[in-house]
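Here are the chains, one letter per residue:
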Amino acid sequence: MRVLCVAEKPSIARSITQILSGGQFSTRNSPNKYIKNFDFDYPQTNSQFTVTSVTGHLLDHDFESAYSNWQSCDPFILFDAPILAKVKKGSETIARNLNQEARRVQVLMIWTDCDREGENIGAEIAGICRKAKANITVRRARFSAIIAQQIHNAAQNPVQLDMAQSNAVEARTLLDLRIGAAFTRFQSLQLQQRFDQLKGDVISYGPCQFPTLGFVVSRYNQVKAFVPEDFWYIYLALTRIEETTGEEEETPFTWRRGHLFEFEVALAFYEHVLENPTARVTKVTNKNTKKWKPLPLTTVDLQKAGSRLLKISPKTILDIAEHLYQQGFLSYPRTETDQYDPEFNFMSLIEKQAADPAWGQFATNLQNGGFQAPRRGKNNDKAHPPIHPTAHAGNLAGDEKRVYEYITRRFLASCSKDALGWETTIDVDCGGEAFYATGLTVRERNYLDVFPYDKWSNKILPNFEEDEEFMPSVCELKEGQTTRPSLLTEADLVSLMDKNGIGTDATIAQHIQTIIDRKYVMERMQGATKYLVPSTLGIGLVEGYNDVGFDRSLSRPEMRRETERQMVQICEGQKTKADEPRDHQRW
DNA sequence: GCAAGGTC
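It should be emphasised that the depicted structure is a prediction, and the values quoted were computed from it without experimental measurement.

(A) Highlighting the pattern of salt bridges. Within this structure, the stated rule accounts for 26 salt bridges. Glu-119 serves as the salt-bridge partner of Arg-140, at 2.9 Å between the closest nitrogen and oxygen. Linking Arg-140 in strand β8 (residues 137-140) with Glu-119 in helix α3 (residues 116-132), this pair joins segments that are 21 residues apart in sequence. An identical accessibility class is assigned to Arg-140 and Glu-119; each is buried. Within this structure, Arg-28, Asp-39, Glu-101 and Arg-104 form a network of salt bridges that share partners.

Encoded structure:
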């Protein structure tokens, strides 16, 4: 029997081939320069296998040409206009390869990622192969990690494609196109007519880009509407001569009440303290504490860290990681998974870092007993492991080097131990009011030695005994003001989108780029931090949609959440894709 | 000229 295996991307085709063939295979070129066809015998199922791949989705959706002219077609017709699926521009060679290979086999086995998009890509592949060979048998291999035992198991126990999941994706695809095209044309034409300065600009609407814009505008409005408030607090401090250094050291104590917004009340407390100014130590607490090592790295985390620590935009970070992946230095950089498979081979990867001049010694220490299995996060996309270095890269430069370094240090840190410390809390009573001071002694730095991005340092307190009394050297009623919230940073925006389900790990950065390209949002540097500021156009669009008076504005994330919920319903068989567009036409 | 989702 001849079997054609099709993976979602070339790298997976190669891995599957390695495992199933045991390394004995021959390679043929395909009409596409990225894709190879691998042939070998698979005696376990008495078959001859050919393994190839696509590169993600093969099809693109668009309206029939009768609907392509913006002027001559009412945008609202687009909600009902027929949509055609055709092979994407640039993917013709991939489709031709499938066509040729399918003719040679009896069975098609789909090896796309085991997620919704993977199921849909599988259906696209099946469609193309069936056109080439109508009676081809279609099977689905299910695997959640590139591990020999799982891959063999998947090859020997194939299942069926899950058409419900595929249909859910198709429903979303059509919905996004209809809504996006209709609203984009409508608002572009309307606004271009009203405002000369917008002539020639596309004013796009998208179900992801608008909530993204909404977050930026909403924070901007909060900043603008902010009115600072005065508050008051009692500040207590004791100056002592530090025994070892002979220097004066001031130990500040924090008021347990924090700060108060009414001056008279704060003053009353303060006067009471002044009448009884002797401070008494009520309690000295010592306890072990630790600073947790970082979780295994996801795409969203990498983008946040990159923006915050390396000052590289989310889009650029992903591009750099992609390039490092293609060179074989990194695992697949688009992943939601923050837990490693129990069988993951950490040691062989740590070994590869032992040669590095900067962190090689740390890697060696991990090999010699310093290793501890990484923490397990809550997310698993069942398709890819957390981002980790797969080879040592010694000759990188510039931002590539910095990104690789962050990922590698983070990997080594996650394989190390939590930092351990000793925390001291001094509780003090003064005039009936409670104050406290906290000190920290770092006992074991552990992961911190390889991960300079986390700060945790000693804060030494002088010795205090329980029931000890002292006269504070400072006791003041201080005034402060609430501080204005800051504009949104790129890292904040990535977090908000992730939390609200706007976009995916692979697309969040693109949506941010889109609202910048559309001139809805500008980047503004303040010191070393990049903030996002909405333009007049961006603010106007959001205000416009808010004013329409829907209970859920199109600039809010709820609409996307609803689409997501309905996709889950399709996956679970409670709805069909035919329900979807009609539902949305009501508004 | 419109979207969002894969991946190169």
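(B) View of the domain arrangement of chain A. Taken domain by domain, chain A comprises domain 1 (2-55 + 91-161), domain 2 (167-225 + 487-585), domain 3 (230-293 + 419-481) and domain 4 (299-414). Across the contact, 11 residues belong to domain 1 and 8 residues belong to domain 4. Buried area between domain 1 and domain 4, both sides added, is near 660 Å², and the carbon and sulfur share of it is 49%. The largest per-residue losses of area from domain 1 upon contact with domain 4 belong to Lys-9, Ser-144 and Ile-147, which jointly make up 50% of the total buried on that side. Applying the counting rule to domain 1 against domain 4 returns 0 salt bridges. Taken together, the residues that form the side of domain 1 that touches domain 4 break down as 4 nonpolar, 4 polar and 3 charged.

(C) Structural context of the sheet that holds strand β3 (residues 36-42). The strand order across the open sheet built from 6 strands is β2-β3-β4-β1-β7-β8, with neighbouring strands paired in mixed fashion. The sheet is open, and its two borders are formed by β2 (26-29) and β8, each paired with just one other strand. Recorded for the sheet is a direction-independent mean angle of 25° between the axes of neighbouring strands. In this structure, strand β1 (residues 2-7) lies alongside strand β4 (residues 47-53), joined through 6 bridges in parallel fashion. Its bridge partner being in β4, Ala-7 is matched across the sheet by Ser-53.

(D) Molecular detail of the protein's contact with DNA strand B. Taken together, 43 residues form the shell around DNA strand B, and within it Thr-55, Lys-88, Arg-185, Gln-326 and Tyr-332 come nearest. A share of 61% is what sugar and phosphate atoms reach among the atoms of DNA strand B within 4 Å of the protein. At a separation of 3.0 Å, a sugar or linking oxygen of DNA strand B approaches a polar side-chain atom of Glu-322. A distance of 3.3 Å separates a phosphate oxygen of DNA strand B from a polar side-chain atom of Arg-334. Among the elements of the structure, β5 (59-63), α5 (163-194), α9 (314-326) and α14 (508-517) are those that each provide at least two residues to the surface near DNA strand B. Considering only residue class, the surface near DNA strand B consists of 11 nonpolar, 18 polar and 14 charged.

(E) Just helix α10 (residues 346-353), in detail. Of the positions making up α10, those classed as buried are Phe-346, Leu-349, Ile-350 and Gln-353. All buried residues of α10 lie within an arc of 100° about the axis, which places them on one face of the element. The backbone nitrogen of Met-347 lies 3.4 Å from a side-chain oxygen of the residue at the head of α10, namely Asn-345.

(F) Representation of the pairing of strand β12 (residues 419-430) within the structure. By the bridge criterion, 12 bridges tie strand β11 (residues 279-291) to β12 in an arrangement that is antiparallel. Bridge pairing in β12 links Asn-286 to Thr-424. Here β12 pairs with strand β13 (residues 433-444) via 11 bridges, running antiparallel. Bridge pairing in β13 places Asp-429 opposite Ala-434. Linking two consecutive strands that pair antiparallel, namely β12 and β13, is a turn of 2 residues; a positive phi of about 55° is found at Gly-431 within it.

(G) Inspection of the packing of aromatic side chains at higher detail. Overall, the coordinates contain 31 aromatic pairs when judged by the stated rule. Residues Phe-25 and Phe-38 carry aromatic rings whose centres are separated by 5.5 Å and whose planes lie at 90° to one another, so their mutual orientation is edge-to-face. Here Phe-38 lies in strand β3 and Phe-25 lies in the loop between α1 (10-21) and β2, a separation of 13 residues in the sequence. Each ring, one from Tyr-406 and one from Phe-451, has its centre 5.9 Å from the other, and the planes form 50°; the classification is tilted. Here Tyr-406, found in helix α12 (residues 398-414), pairs with Phe-451, found in the loop between β13 and β14 (469-470); they are 45 residues apart in sequence, far enough to count as distant. Take Tyr-406: its relative accessible area is 3%, and that puts it in the buried class. The class for Phe-451 is buried, based on a relative accessible area of 3%. An aromatic cluster of at least three residues, connected via ring pairs, comprises Phe-183, Tyr-205, Phe-210, Tyr-520 and Tyr-545. Seen from the ring of Tyr-332, Lys-9 lies directly overhead, with NZ or CZ sitting 4.3 Å from the centre.

(H) Inspection of the sheet that holds β12 at higher detail. Ordered in space as β14-β11-β12-β13-β10-β9-β15, the 7 strands form an open sheet in which the pairing is antiparallel. Edge positions in the open sheet fall to β14 and β15 (474-481), since each of these has one partner strand only. In the packing of helix α7 (residues 263-275) onto the sheet, contacts are made with β9 (230-241), β10 (248-255), β12, β13 and β15, and the angle to β15 comes to roughly 170°.

(I) Structural view of helix α15 (residues 536-547). Compared with an ideal rise of 1.5 Å per residue, which puts 12 residues at 16 Å, α15 spans 16 Å between its outermost C-alpha atoms and is within 8% of the ideal. Here α15 has its buried residues at Leu-537, Gly-538, Ile-539, Leu-541, Val-542 and Tyr-545. Phi turns positive, to about 95°, at Gly-549, one or two residues after α15.

(J) Quick look at the UniProt feature "domain: Toprim" (unreviewed entry) in chain A. Within this numbering scheme, the UniProt entry marks residues 2-144 as carrying the feature "domain: Toprim" (unreviewed entry). Helix makes up 29% of residues 2-144 and strand 30%, and the two end C-alpha atoms of the span are 25 Å apart.

(K) Examining the side chain of His-384 more closely. Its place among the elements puts His-384 in the loop between α11 (360-370) and α12. What His-384 contacts, discounting residues up to four positions off in sequence, is Lys-9, Asp-113, Tyr-332, Arg-334, Thr-335 and Thr-337.

(L) Region of the structure containing the packing of α3 against α5. Contact pair α3 / α5: the axes reach a minimum separation of 8 Å and the direction vectors enclose 95°. Taken together, the axis directions place α3 and α5 in an arrangement best described as roughly perpendicular. Across the interface between the two elements, Arg-116, Glu-117, Glu-119, Asn-120 and Ala-123 of α3 pack against Met-163, Gln-165, Ser-166, Val-169, Glu-170 and Arg-172 of α5. The residue inventory of the contact of α3 with α5, partitioned by class, reads 3 nonpolar, 3 polar and 5 charged.

How each quantity is defined
Residues numbered from 1 in each chain as written. Chains lettered and ligands numbered in written order. Predicted model: local features only at pLDDT ≥ 70, side-chain atom pairs only at ≥ 80, totals over all residues. Heavy atoms only, no water. Salt bridge = Lys/Arg side-chain N within 4 Å of Asp/Glu carboxyl O. Helix = DSSP H or I, 4+ residues; strand = E, 2+ residues; numbered from the N terminus. Buried < 20%, exposed > 50% of the residue type's maximum accessible area, 1.4 Å probe, protein only. Domains from an automatic or database assignment. Contact = heavy atoms within 4.5 Å. Buried area = accessible area lost by both parts, 1.4 Å probe. Nonpolar A, V, L, I, M, F, W, Y, C, P; charged D, E, K, R; others polar. Pairing = 2+ DSSP bridges. Axes fitted to C-alpha atoms, helices over the stretch in contact; angles between N-to-C directions. Near = heavy atom within 4 Å. Polar contact = N/O pair within 3.5 Å; in protein donor to acceptor, adjacent residues only side chain to side chain. Arc of directions from axis to C-beta. Phe/Tyr/Trp six-rings, centres within 6.5 Å; stacked < 30°, edge-to-face > 60°. Lys NZ or Arg CZ within 6 Å of the ring centre and 35° of its normal. Expected span 1.5 Å × (residues − 1). UniProt positions renumbered as here; feature names shortened; annotations may be inferred. Parallel < 35°, antiparallel > 145°, perpendicular 65-115°, else oblique.

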